[in-house]
Every structure is written in C-alpha cells, then in structure tokens.
Amino acid sequence: MSLKKPISDEEMHDKIFVDSTSLKEILEKRFGPCSQSPRQIEAWVNKTNKWGQRKAVRHSGKMVEGRTLWVLKDKFLEVDAMNDLTKYHSYLRVHPMTTIGYARKSPGKESLETRCSLLQKMADRLKNRCLCTKIFVSPSSKADEPLMVRDSKKDCSKYLNVLIDCAGNMNDLCTILDRKFKPVRLVIIDYAGLSTEPNNVRDFFR
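- Looking at an unreviewed UniProt entry, the protein carries the name Homeodomain-like DNA binding domain-containing transcription factor, with the source organism given as Phycomyces blakesleeanus.

1. Details of the sheet that holds strand S4 (residues 98-104)
- Strands sit in the order S5-S4-S6 across an open sheet of 3 strands; the sheet is parallel. Each edge of the sheet is formed by a strand with only one pairing partner; in this case those strands are strand S5 (134-138) and strand S6 (184-187). Each strand of the sheet is rotated relative to its neighbour by a mean of 25 degrees, with strand direction disregarded.
- Along the sheet, helix H6 (residues 170-179) contacts S4, S5 and S6; its crossing angle with S5, the most-contacted strand, is approximately 135 degrees.

2. Quick notes on the packing of aromatic side chains
- Under the defined criterion, the tally for this structure stands at 1 aromatic pair.
- The interplanar angle of 75 degrees and the centroid separation of 5.4 Å between the aromatic rings of Phe204 and Phe205 together place this pair among those described as edge-to-face.
- Overall, the relative accessible area of 55% leaves Phe205 in the exposed class.

3. Comments concerning the sheet that holds strand S2 (residues 55-59)
- A sheet is described by the order of its strands in space; here 3 strands give the open sequence S1-S3-S2, paired in antiparallel fashion. The open sheet has two edge strands, strand S1 (13-19) and S2, and neither has a second partner. Within this sheet the neighbouring strands show an average axis-to-axis angle of 55 degrees, counted without direction.
- Both S2 and strand S3 (residues 62-72) contribute to a ladder of 5 bridges, which runs antiparallel. Its bridge partner lying in S3, Arg58 is registered against Met63.
- Set on the sheet, helix H1 (residues 20-31) makes contact with S1 and S3; between it and S1 the angle comes to about 130 degrees.

4. Points about the nonpolar core
- Residues Leu126 and Val137 are the most contacted members of the largest nonpolar core, which totals 18 residues.
- Contributions of two or more residues to this core are made by helix H3 (79-94), helix H4 (112-128), S5 and helix H5 (157-160).
- The biggest single contributor to this core is H4, with 4 residues.
- Setting aside its immediate chain neighbours within four residues, Leu126 contacts Gly101, Tyr102, Ala103, Leu131, Cys132, Ile135, Val187 and Ile189.

5. Describing H4
- The end-to-end C-alpha separation of H4 is 24 Å, in line with the 24 Å expected for 17 residues at 1.5 Å each.
- Every buried residue of H4 is listed here: Arg115, Cys116, Ser117, Leu118, Leu119, Gln120, Ala123 and Leu126.
- In the core, the buried residues of H4 are packed alongside S4, S5, H5 and S6.

What counts as what
- Residues numbered from 1 in each chain as written.
- Predicted model: local features only at pLDDT ≥ 70, side-chain atom pairs only at ≥ 80, totals over all residues.
- Heavy atoms only, no water.
- Pairing = 2+ DSSP bridges.
- Helix = DSSP H or I, 4+ residues; strand = E, 2+ residues; numbered from the N terminus.
- Axes fitted to C-alpha atoms, helices over the stretch in contact; angles between N-to-C directions.
- Contact = heavy atoms within 4.5 Å.
- Phe/Tyr/Trp six-rings, centres within 6.5 Å; stacked < 30°, edge-to-face > 60°.
- Buried < 20%, exposed > 50% of the residue type's maximum accessible area, 1.4 Å probe, protein only.
- Core = buried A, V, L, I, M, F, W, Y, C linked by side-chain atoms within 4.5 Å.
- Expected span 1.5 Å × (residues − 1).

Given below as structure tokens:
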C-alpha cells in the first residue's frame, strides 16, 4: 500500500478509501490472521505516520475516518511468497548476524526521478521484508559487470543523495566487506540482481 501513485505498475493497484476495519482485512490477506483489533492497528499506523493522518469523509452513506491509498490488487498477492517470508524471518531470529541488502538497476533511459523511485522500491523491500540493516545499490550497471569493480569509476552521488536508507554503492559494500571480520548475510531480490556471471559471483565471495 502506498500514499503515492505507483509510477511503473499503476495497473496492478486500486485507489481505494481505507478505514481501520478494511485495513485489518487487507493486512490479513497478506499476513494471515491478526489478533490485534482494528483500533490497535490504527494506533500503530498513526504512530508511524507513514500514510499521514486520517480524514473524515462520507463513505457508503456514513461518516468514517480513513485514508485514500493505492492498494495492490488481490490477484497479485504472493501468498506462497508470504509463507516463505515467515519462514525466512524465523530463520533470522535463530541465526542472528548482520544482514546486508544489495539491489542493482540496469542502464536505461528513465529519468532520474523514475530510476530513483524504482531503486527506492527495491531498497524498501530489502529493508521491510528482508530485514536488511544496511542496503547498497548499483544505480546503473549491467548484470554481467564484474562485481569487484562495479561502480568503482562511477559518480553515483546524484542517486545516493536521493535514496532513503541507502548506505552506498557496490564499491562501498566491497570496502565494508573487506574490513568486516564477523559473518554477514547478503540478500538480493533475484539472482540477476547480483550477477548473471557465475565466475564473477565466485570471485566476489572468495
């Protein structure tokens, strides 16, 4: 769900009015049964202020408080993925270590705003769903570009200065990994997000 209009996948979302009761129903579709009441959930949402303050409007013939949000359509819900995500979160609790996320965007003709928005979506997914504590991105690099030199000769500042909760690019990640002696967990959204060249991946992990 988002307060802002989706840029790249608007057709996958509905713009609907969400009150506390419908919010709980939406969350339960994604995460299963929820023991909290609609009022408790609303209090949590208000505290985060992620979707702004509620507004009173006439809805279905009566005055209710809520927000107008862009909500992912039910047919696009990844129910199996949610089950896997629950198992993943349980695994993290049993095997604690630093979890680092990495996202890559291939070169293209998008505007700076669009490219940053797409990168931010990936970064948010790594932080909120994969529970990464540090996130690094390659704003414009090919999937077969060697990892050890990726971003080393590029000025990524115009992207990194815009992105929220981004710790740097691949060059910064390599610098940290080179100095860090404790085990770390590296999370990517899909294999092409890291590299399509197996030898590059082997060299990187060595």
